[in-house]
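# Report on the structure
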Amino acid sequence: MTRTRAADHTGGQLHNGLAARFEEAFGTVPDGVWQAPGRVNLIGEHTDYNEGFVLPFAIDKTAKVAIRLRDDSTVRLLSTYGEQGVVEADLAELTPGSGKGWSKYPLGVAWALQQRNITVPGFELLLDSDVPLGAGLSSSHAIECAVISALNELTGAGLAAEDMVLATQQGENGFVGAPTGIMDQSASLRGSKGKAVFLDCRDQSVQLVPFDAEAAGLVLLVIDTKVSHSHADGGYASRRASCELGARLMGVPALRDLAVEQLDDAARVLDDVTFRRVRHVVTENARVLETVEQLAAGGAGSIGGLLDASHVSMRDDFEISCPELDLAVDTARTNGAIGARMTGGGFGGSAIALTPAGLEQQVRDAVERSFAEAGYTAPDIFTVTPAAGASRLA
Ligand code: ADP
Ligand code: MG
């Protein structure tokens, strides 16, 4: 079954506007306003939980939160998106799985801070985000990272960015109930303008790598297919299980420890499906390293082939693409993109296409036309650039 998401939210507000709206909603001024960006993953898909390498960057679309701490343990949450109204919860009664709707993300952050013996008082929060929901750009992590940045400062907890990354992961895993890694929060909390975040998911070390598409005469297009196939959750779990099985049978702690040269051995030891899952992860890790080298040596114009190879690997070996993503990638490539791939967990969400600036319109038109001809929902197409990580705005 294929679900088409509701129209995207485009009502981004200036942060001073957000403070005024906070006052309107809660009858009091906020203590401050924080922002945290969504992210796009340039390359390195399903390598994070294999203790491998990823290369995401923070994008110029952000979640902004205005917050005021309270004297009691009540939390009151309001978003400019949707019509849910104010959601209330009590921080003294948080239990894993108890968060409803989008409240589970800010509550998961508060819960994770509590697990670290940090006292979190109740708070009022107004959220305004222009990160599209469910497009694979991590709108949920943008919320978490904005909230943890705010609470970290307002409570005086003083956590370093690396600790905030781990705390939001704990909130996701332990409270929200999503078995996610550290890539998205690392990009949102540790990203920097003009840079991609080269992250080693084993030791959390980060190297900021210049990614300047404009200097190479390129733009990075995001093609949000607006679809999310219903087998995504099961697909993610089964891919993780295959990777764990592959590592166990190959006698390594994680697939990160398997070199491309060992794939011939792996082909003899593993069944066909497990082997292809393993081959994706091992070659994808190598492609991340190669992309970092190519960016340094030749700039953004030299990584097109790596993006293409990543897509083929996800389509054929990891089998997490879908017809809409394949059509977006193929159409972008045949109309002038120098490289394109699906990005994010798969089974829907977005593709990225590195495109000569002069061909941007041609690629956009061609993708829109091909989707219409296939009878698919019209995609949302926009450019992204590497932006700064989470920060206080007011
Ligand atoms: P992704 O993180 O890839 O965008 P997810 O399914 O993980 O997709 O997160 C989407 C969820 O995040 C939404 O279902 C909603 O609960 C929450 N969310 C994101 N943005 C907003 C917003 N502006 N207002 C309220 N909830 C939001
Ligand atoms: Mg998410």
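Here's what I pulled together on the structure shown here. All of these numbers come straight from a predicted model, not from anything done at the bench.

### A closer look at the overall build of the chain
Of regular secondary structure, the chain possesses eleven helices and 13 strands. Judged by the C-alpha coordinates and their principal axes, the chain covers about 60 × 50 × 45 Å. Burial analysis of the chain (394 residues in total) assigns 56% to the buried set. For the chain, the share of sequence-separated contacts (at least 6 apart) that also reach a separation of at least 24 residues comes to 73%. For the chain, the accessible area works out to roughly 15200 Å², and carbon and sulfur atoms hold 48% of it. Distance between charge centres in the chain, computed from 32 positive and 51 negative side chains, equals 1 Å.

### Regarding the nonpolar core
In this structure, V40, L42, L55, F57, F123, L125 and F211 are the most contacted members of the largest nonpolar core, which totals 74 residues. Not counting chain neighbours up to four residues away, the residues in contact with F57 comprise G38, R39, V40, L42, A187, K195, A196, F211, L220, V384, T385 and P386.

### Some words on the pattern of salt bridges
Taken as a whole and judged by the stated rule, the model has 21 salt bridges. Between R39 and D184 there is a salt bridge, and its shortest N-O distance comes to 2.6 Å. Note that R39 is positioned in strand β2 (residues 32-43) and D184 in helix α5 (residues 183-190), a separation of 145 residues in sequence. Overall, R39 belongs to the buried group, its relative accessible area being 5%. Here D200 and R256 are joined by a salt bridge, their closest N and O atoms 2.8 Å apart.

### Some details on the environment of V273
Looking at the secondary structure, you find V273 in helix α8 (residues 272-298). For V273, a relative accessible area of 36% puts it in the partly exposed group. In sequence terms V273 and L359 are 86 residues apart; their C-alpha atoms lie 38 Å from each other.

### Comments concerning helix α9 (residues 304-318)
Helix length check: α9, at 15 residues, gives a terminal C-alpha distance of 20 Å against a target of 21 Å (1.5 Å per residue), a fit within 8%. Restricting attention to buried positions, one finds in α9 the residues G304, L306, L307, D308, S310, H311, S313, M314, D317 and F318. Buried residues along α9 sit in contact with β2, α6 (232-250), α8, α10 (323-334), β10 (339-343) and β11 (348-356). Just beyond α9, the residue with positive phi is E319, at close to 50 degrees.

### Quick word on the pairing of strand β6 (residues 123-129)
Most of β6 sits inside the fold, with seven of its seven residues counted as buried. Of the two faces of β6, the one carrying F123, L125, L127 and S129 and the one carrying E124, L126 and D128 are both buried. As defined by bridge partners, strand β3 (residues 53-69) adjoins β6 across seven bridges and the pair is classed as antiparallel. The residue bridging A63 from the neighbouring strand is S129, located in β6. As paired strands, strand β4 (residues 74-79) and β6 are joined by five bridges and run parallel to one another. Bridging from a neighbouring strand, L78 pairs with L126 of β6.

### What about the site of ligand 1?
Around ligand 1, a shell composed of 15 residues is seen, among which S79, W102, G134, S139 and S140 lie nearest. Taking S79, its side chain carries an N or O atom lying 2.6 Å from a nitrogen atom of ligand 1. Between S140 and ligand 1, the recorded distance is 2.9 Å, taken from a side-chain N or O atom to an oxygen atom. Protein contacts shield 75% of the accessible area of ligand 1, which totals 560 Å² for the unbound molecule. Residue assignment for the shell around ligand 1 shows that the elements contributing at least two residues are β6 and α3 (139-154). Among the elements that make up the shell around ligand 1, the one with the highest residue count is α3 (three residues). Within the shell around ligand 1, the residues separate by chemical class into eight nonpolar, seven polar and no charged.

Definitions and cut-offs
Residues numbered from 1 in each chain as written. Chains lettered and ligands numbered in written order. Predicted model: local features only at pLDDT ≥ 70, side-chain atom pairs only at ≥ 80, totals over all residues. Heavy atoms only, no water. Helix = DSSP H or I, 4+ residues; strand = E, 2+ residues; numbered from the N terminus. Buried < 20%, exposed > 50% of the residue type's maximum accessible area, 1.4 Å probe, protein only. Contact = heavy atoms within 4.5 Å. Areas by Shrake-Rupley, 256 points an atom, 1.4 Å probe, with all protein chains shown as cover. Lys, Arg positive; Asp, Glu negative; His and termini not counted. Charge placed at Lys NZ, Arg CZ, Asp CG, Glu CD. Core = buried A, V, L, I, M, F, W, Y, C linked by side-chain atoms within 4.5 Å. Salt bridge = Lys/Arg side-chain N within 4 Å of Asp/Glu carboxyl O. Expected span 1.5 Å × (residues − 1). Pairing = 2+ DSSP bridges. Near = heavy atom within 4 Å. Polar contact = N/O pair within 3.5 Å; in protein donor to acceptor, adjacent residues only side chain to side chain. Nonpolar A, V, L, I, M, F, W, Y, C, P; charged D, E, K, R; others polar.

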